[in-house]
Amino acid sequence: MLGVFLLIANLPWVGNRVFFVFPMQNKPIWVRLVELVVYYLLSLLISMVFETRFSGDVYPQNWEFFVTTLSFFIVLAVPGVVYRYQWLPMQKKFK
């Protein structure tokens, strides 16, 4: 599941399409952050499905759980941010 979440967390930084459907010339950072939040909610839904399937019930969580998992999801998104804002500009600079 961590590999799936790593993949999902880096999706907003890959291309210039919003949710891989709507093309944009230059996708602003706020659109990428909205996508990140939506993908976080999608990952929570995936986690709930797995928890229901394997344990039969979803354990109720408090706000601390969601803050911790959101922070972890943002950390998982770091490779995509580095790729978008450091790797690509460096490649364009040296061409």
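As shown above, the structure is provided for reference.
Residues numbered from 1 in each chain as written. Predicted model: local features only at pLDDT ≥ 70, side-chain atom pairs only at ≥ 80, totals over all residues. Heavy atoms only, no water.

Undergrad: Quick question: what am I supposed to make of a nonpolar patch on the surface here?
TA: Residues Phe 19, Val 21, Phe 22, Ile 29, Trp 30, Leu 33, Val 34, Val 38, Val 81 and Tyr 85 make up a contiguous nonpolar surface patch of roughly 920 Å² in combined accessible area. Contributing elements (two or more residues each) for the nonpolar patch: helix H2 (29-55) and helix H4 (78-93). Per-element tally for the nonpolar patch: the top contributor is H2, with five residues. Structurally, Leu 33 can be placed in helix H2. (Patch = residues over 30% accessible without salt bridge, like charges linked within 9 Å, V, L, I, M, F, W, Y side chains within 5 Å. Areas by Shrake-Rupley, 256 points an atom, 1.4 Å probe, with all protein chains shown as cover. Salt bridge = Lys/Arg side-chain N within 4 Å of Asp/Glu carboxyl O. Helix = DSSP H or I, 4+ residues; strand = E, 2+ residues; numbered from the N terminus.)

Undergrad: Mind showing me how you'd approach the environment of Lys 93 here?
TA: Of note, Lys 93 is situated in helix H4. Classification of Lys 93 by relative accessible area gives exposed; the value is 66%. In sequence terms Lys 93 and Gln 61 are 32 residues apart; their C-alpha atoms lie 47 Å from each other. (Buried < 20%, exposed > 50% of the residue type's maximum accessible area, 1.4 Å probe, protein only.)

Undergrad: Whenever I open this one, the packing of H2 against helix H3 (residues 63-76) confuses me. Can you help?
TA: Working note: a packed helix pair is described by the angle between its axes plus the distance between those axes. The geometry of H2 relative to H3 is characterised by a closest axis approach of 11 Å and an angle of 120° between their N-to-C directions. As far as their axial angle goes, H3 and H2 are oblique. You can see that H2 and H3 cross each other, and the crossing is right-handed. Side by side, H2 and H3 meet where Leu 36, Tyr 39, Tyr 40, Ser 43 and Leu 44 of the first sit next to Phe 65, Phe 66, Thr 69, Leu 70, Phe 73 and Ile 74 of the second. (Axes fitted to C-alpha atoms, helices over the stretch in contact; angles between N-to-C directions. Parallel < 35°, antiparallel > 145°, perpendicular 65-115°, else oblique. Left-handed = near helix turned anticlockwise from the far one by under 90°. Contact = heavy atoms within 4.5 Å.)

Undergrad: Would you mind showing me how to read the environment of Ser 71 here?
TA: Its place among the elements puts Ser 71 in helix H3. Note: C-alpha distance between Ser 71 and Leu 6 (65 residues apart in sequence) is 13 Å.

Undergrad: Would you mind going over H2 with me for this structure?
TA: Structural remark: α-helix, 3.6 residues per turn; residues separated by three or four positions point the same way. In a regular helix each residue adds 1.5 Å, so 27 residues correspond to 39 Å; H2 covers 38 Å between its end C-alpha atoms and thus fits that length. Listing the buried residues of H2 in full gives Val 31, Arg 32, Glu 35, Leu 36, Tyr 39, Tyr 40, Ser 43 and Leu 44. In the core, the buried residues of H2 are packed alongside helix H1 (2-10), strand S1 (17-18), H3 and H4. Following H2 by one or two positions, Gly 56 adopts a phi angle in the positive range, close to 90°. (Expected span 1.5 Å × (residues − 1).)

Undergrad: Got a minute to help me understand the packing of H1 against H2 in this structure?
TA: Where H1 meets H2, the axes come as close as 9 Å, and the angle between the chain directions of the two elements is 160°. The angle between H1 and H2 falls in the class roughly antiparallel. Like other packed secondary-structure pairs, H1 and H2 cross with a definite hand, here right-handed. Together, Phe 5, Ile 8 and Ala 9 of H1 and Leu 36, Tyr 39, Ser 43, Ile 46 and Ser 47 of H2 make up the contact between the two elements. Grouping the constituent residues of the contact of H1 with H2 by class yields six nonpolar, two polar and no charged. (Nonpolar A, V, L, I, M, F, W, Y, C, P; charged D, E, K, R; others polar.)

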